[in-house]
Amino acid sequence: MEKFIKLVTTVVPLPEQDVDTDQIIPARFLKATSRDGFGENLFRDWRYDQEGNPKKNFVLNDSSYSGSVLVAGENFGCGSSREHAAWALVDYGFKAVVSSYFADIFKGNALNNGLLPVQVSTDFLKEVFEQVKVDHNTELVIDLEAQQISISGTDLYEEFDINTYKKMCLINGYDDIDFLISNRDKIEAFEKEHMEF
């Protein structure tokens, strides 16, 4: 996984509430076993019509919005527990999702796949949407080490919570296996010290 320390980027606003994992990546695209290629079907039924033509009124088809952060409405990632939702967001190019509430299983899947879920207050989320609506080039600054998110060019910021272990993994670019490998010397030393003869 890529290291995540500090991110400064424009954002893609999706002010929809209760976005479930079937909307993020429809079930008919879950047949692949590799994580690659899911991004092209991210929000498939919202992005394309039945003939496969892009819908002009959907934000991912609006070239005036770009960036590696998706800003979503409350209760993002609800529904089924499919990990493919996180895969699709990462494969599309998102490094973080900002919302006022995340479904717990989605939050865990996101963190396990290098996607940072940043939970903010309803008021802060509303302010982000308003700023981006006025200026599509509005940038967010997400500082994982400080656990702080801010709107660039303003005094508006909030702190956010994250599991200490997952924070360490994201900063170092580790998944769970990488973390174990990084502690190989300590594990071998422990085994040697406690080996029974």
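Note that this is a predicted model, so its numbers are computed, not measured. (Residues numbered from 1 in each chain as written. Predicted model: local features only at pLDDT ≥ 70, side-chain atom pairs only at ≥ 80, totals over all residues. Heavy atoms only, no water.)

**Quick look at the packing of helix α3 (residues 84–92) against helix α4 (residues 104–112)**
To be explicit about the condition: Helix axes are fitted only over the stretch in contact, all axes being lines through C-alpha atoms; the angle between N-to-C directions runs from 0 to 180 degrees. Strands here are runs of E lasting at least two residues and helices are runs of H or I lasting at least four, both read from the DSSP assignment and numbered beginning at the N terminus. Every angle not falling under 35 degrees, over 145, or within 65 to 115 is termed oblique; those three ranges are roughly parallel, roughly antiparallel and roughly perpendicular. It is the rotation of the near helix from the far one that decides the hand of a crossing: anticlockwise by less than a right angle makes it left-handed, clockwise makes it right-handed. Residue contacts follow a heavy-atom distance rule, with two residues in contact if any of their heavy atoms lie within 4.5 Å. All residues other than Ala, Val, Leu, Ile, Met, Phe, Trp, Tyr, Cys, Pro, Asp, Glu, Lys and Arg, Gly among them, are scored as polar; the first ten of these are nonpolar and the last four charged.
The geometry of α3 relative to α4 is characterised by a closest axis approach of 8 Å and an angle of 50 degrees between their N-to-C directions. What the angle tells us is that α3 and α4 run oblique. Crossing handedness for the pair α3 and α4: right-handed. Across the interface between the two elements, A85, A86 and L89 from α3 touch F106, N109 and A110 from α4. Looking at side-chain class alone, the contact of α3 with α4 contains 5 nonpolar, 1 polar and no charged residues.

**Structural notes on the pairing of strand β1 (residues 6–14)**
Formally: Throughout, exposure labels follow a simple rule: accessible area from a 1.4 Å probe, protein chains only, divided by the maximum for the residue type, with under 20% read as buried, over 50% as exposed, and the rest as partly exposed. By definition, two strands form a pair when at least two bridges between them are found by DSSP.
Across the 9 residues of β1, 7 count as buried, placing the element largely inside the fold. Note: β1 against strand β5 (residues 139–143), 5 bridges, orientation antiparallel. Its bridge partner lying in β5, T9 is registered against L140. With 4 bridges joining them, β1 and strand β2 (residues 69–72) adopt parallel strand pairing. Bridging across to β2, V11 finds its partner in V69.

**Some details on α3**
Residues H84, A85, A86, W87, A88 and L89 constitute the buried set of α3. Of the surrounding elements, those touching the buried residues of α3 are α1 (21–24), β2, β3 (96–99) and α4. Two residues or fewer past α3, G93 is found with a positive phi of approximately 125 degrees.

**Side note on helix α5 (residues 122–134)**
Condition: The span one expects for a helix is its residue count, reduced by one, times 1.5 Å. What the arc covers is the set of directions going from the helix axis to the C-beta atoms.
With 13 residues, α5 extends 19 Å between its outermost C-alpha atoms, agreeing within 8% with the 18 Å of an ideal straight helix rising 1.5 Å per residue. Every buried residue of α5 is listed here: F124, L125, V128, F129 and V132. Viewed end-on, α5 has its buried residues packed into an arc of 140 degrees, placing them on one side of the element. Seen from the buried face of α5, the exposed residues on the opposite side, beyond 90 degrees, are T122, D123, K126, K133 and V134.

**A short note on the pairing of β5**
The element β5 is extensively covered by neighbouring structure, given that 4 of its 5 residues are classed as buried. As paired strands, β5 and strand β6 (residues 148–151) are joined by 4 bridges and run antiparallel to one another. Looking across to β6, one finds that L140 is bridged to I151. Counting the residues in the hairpin turn of β5 and β6 gives 4 residues, including Q147, whose phi is positive at 55 degrees.

**Quick notes on the environment of V141**
Within the secondary structure, V141 is located in strand β5. Judged by its relative accessible area of 16%, V141 is buried. Residues V141 and L70, spaced 71 residues apart in sequence, show a C-alpha to C-alpha distance of 13 Å. Filtering out sequence-adjacent residues up to four positions away, V141 remains in contact with K6, L7, V8, Q148, I149, S150 and S152.

**Quick look at the nonpolar core**
What counts here: Joining through side-chain atoms within 4.5 Å is the link that ties buried Ala, Val, Leu, Ile, Met, Phe, Trp, Tyr and Cys residues into a set, and such a set is a nonpolar core.
If you look at the biggest cluster of nonpolar residues, it comprises 52 residues, and the most contacted ones within it are F43, F76, L89, V98, F106, L116 and I142. Among the elements that take part in this core, α5 stands out by supplying 5 residues, more than any other. Filtering out sequence-adjacent residues up to four positions away, I142 remains in contact with F4, I5, K6, L7, V69, A96, V98, L116, V118, Q148, I149 and F160.

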